[in-house]
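Structural characterization, general
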Amino acid sequence: MLRQSDIKNKFPFLRESGHVVSLVGAGGKTTVMYGLARAYAQGDRKVIVTTTTHIQRPCDFPVAEDIHTLKLLLRTHPIVVAGKDAGNNKLKMPDGFELFAYQKLAGLILIEADGAKRLPCKAPELWEPVILPGCDIVLGVMGLDALGKPLGEVCFRKERVMEILHVDECHCMEEADLAAILSGESGTKKDVGGREYYVVLNKCDDARRMEQAERIRALLADKGILQAVYTSYIVNDFAD
């Protein structure tokens, strides 16, 4: 498994500046997002984290409700979350958010662009995800702990997943199912368009999960998706 110092090898955009990255899907988007933020921020580079829907208020990073506060916090903190209180310990995008103005303040912007109610798998509804026009990279996240479990128990928007896979909610999720959702224009790849697309297979916590991840990566490669990384939910490692 690769440690934090090697994440940039798997996500080359972390070596660059000016990218706006949206995270979609399920199974640990927030964990992955903050892992990317920490990796990018090494060397005192600045990262802004925000959401186009809702995100849990973080414990480890300061929150700015407006761009003035954001500017002040970025002077002393490499990672700042831009968000306005939405109740229930959640944040939403600040009022008057203008992506271009925020891009002037940090080298990387990470955006959580949909929700999944903490389930490992999902397919988007008609109004999801909310990807801003200025976004140039999309990460589709899926939790491997969905494998072998009934669709109805592990999938958010289960009706949409059932439509994509042509199965009922009692169907146990298989590797080919995850690959189909991750690669589908009605699934995790919805609204990606011409943007660069990465798949992140999360919660790859043991040897069996690694083998499953490798088989899913092969299925994705057959569908033309070559940028697939698997990650560990427990230690937040990023692997080949």
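Below or above, wherever it landed, is the structure these notes cover. (Residues numbered from 1 in each chain as written. Predicted model: local features only at pLDDT ≥ 70, side-chain atom pairs only at ≥ 80, totals over all residues. Heavy atoms only, no water.)

The subject of this paragraph is the sheet that holds strand β6 (residues 84-87). Whenever strands of a sheet pair, they do so through backbone hydrogen bonds, lying parallel or antiparallel. Judged by pairing direction, the sheet is antiparallel, and its three strands sit side by side in the order β3-β7-β6 without closing on themselves. Strand pairing shows two members of the sheet lacking a second neighbour, β3 (55-56) and β6, which therefore form its edges. In this sheet, strand β7 (residues 90-92) lies alongside β3 in antiparallel orientation, the contact comprising two bridges. Considered in β7, the bridge of Gln56 is made with Lys90. (Pairing = 2+ DSSP bridges. Helix = DSSP H or I, 4+ residues; strand = E, 2+ residues; numbered from the N terminus.)

Locating Lys46 in the fold gives a position in the loop between α2 (29-41) and β2 (47-51). Given a relative accessible area of 19%, Lys46 falls into the buried group. Apart from the residues within four sequence positions on either side, Lys46 is in contact with Tyr40, Leu74, Arg75, His77, Pro78, Leu105, Ala106, Gly107 and Leu108. (Buried < 20%, exposed > 50% of the residue type's maximum accessible area, 1.4 Å probe, protein only. Contact = heavy atoms within 4.5 Å.)

This next bit is on the pattern of salt bridges. Should their charged atoms come close, side chains of opposite charge can pair. Scanning all chains against the criterion turns up 14 salt bridges. Its salt-bridge partner being Asp114, residue Lys122 comes within 3.5 Å of it at the nearest N-O pair. Per residue, the accessibility class of Lys122 equals that of Asp114, and both read buried. The residue Asp145 makes a salt bridge to Lys203 at a minimum N-O spacing of 3.2 Å. Here Lys203 lies in the loop between β12 (196-202) and α8 (207-222) and Asp145 lies in the loop between β10 (137-143) and α5 (151-154), a separation of 58 residues in the sequence. (Salt bridge = Lys/Arg side-chain N within 4 Å of Asp/Glu carboxyl O.)

Another aspect to go through is the packing of aromatic side chains. By convention here, two paired aromatic rings are described through the distance between centres and the angle between planes. If you walk through the whole model with that rule in mind, you get five aromatic pairs. Aromatic pair Phe11 and Phe13: ring centres 5.8 Å apart, planes at 65 degrees, arrangement edge-to-face. Each member of the pair, Phe11 together with Phe13, is buried. Here Phe11 and Tyr198 contribute two aromatic rings whose centre-to-centre distance is 5.5 Å and whose plane-to-plane angle is 40 degrees, an arrangement assigned as tilted. You can see Phe11 sitting in the loop between α1 (7-10) and β1 (19-25) and its partner Tyr198 sitting in strand β12, a full 187 residues away along the chain. Pairwise contacts between aromatic rings join Phe11, Phe13 and Tyr198 into one cluster. Sitting over the ring of Tyr40, Arg45 keeps its end group 3.7 Å from the ring centre. (Phe/Tyr/Trp six-rings, centres within 6.5 Å; stacked < 30°, edge-to-face > 60°. Lys NZ or Arg CZ within 6 Å of the ring centre and 35° of its normal.)

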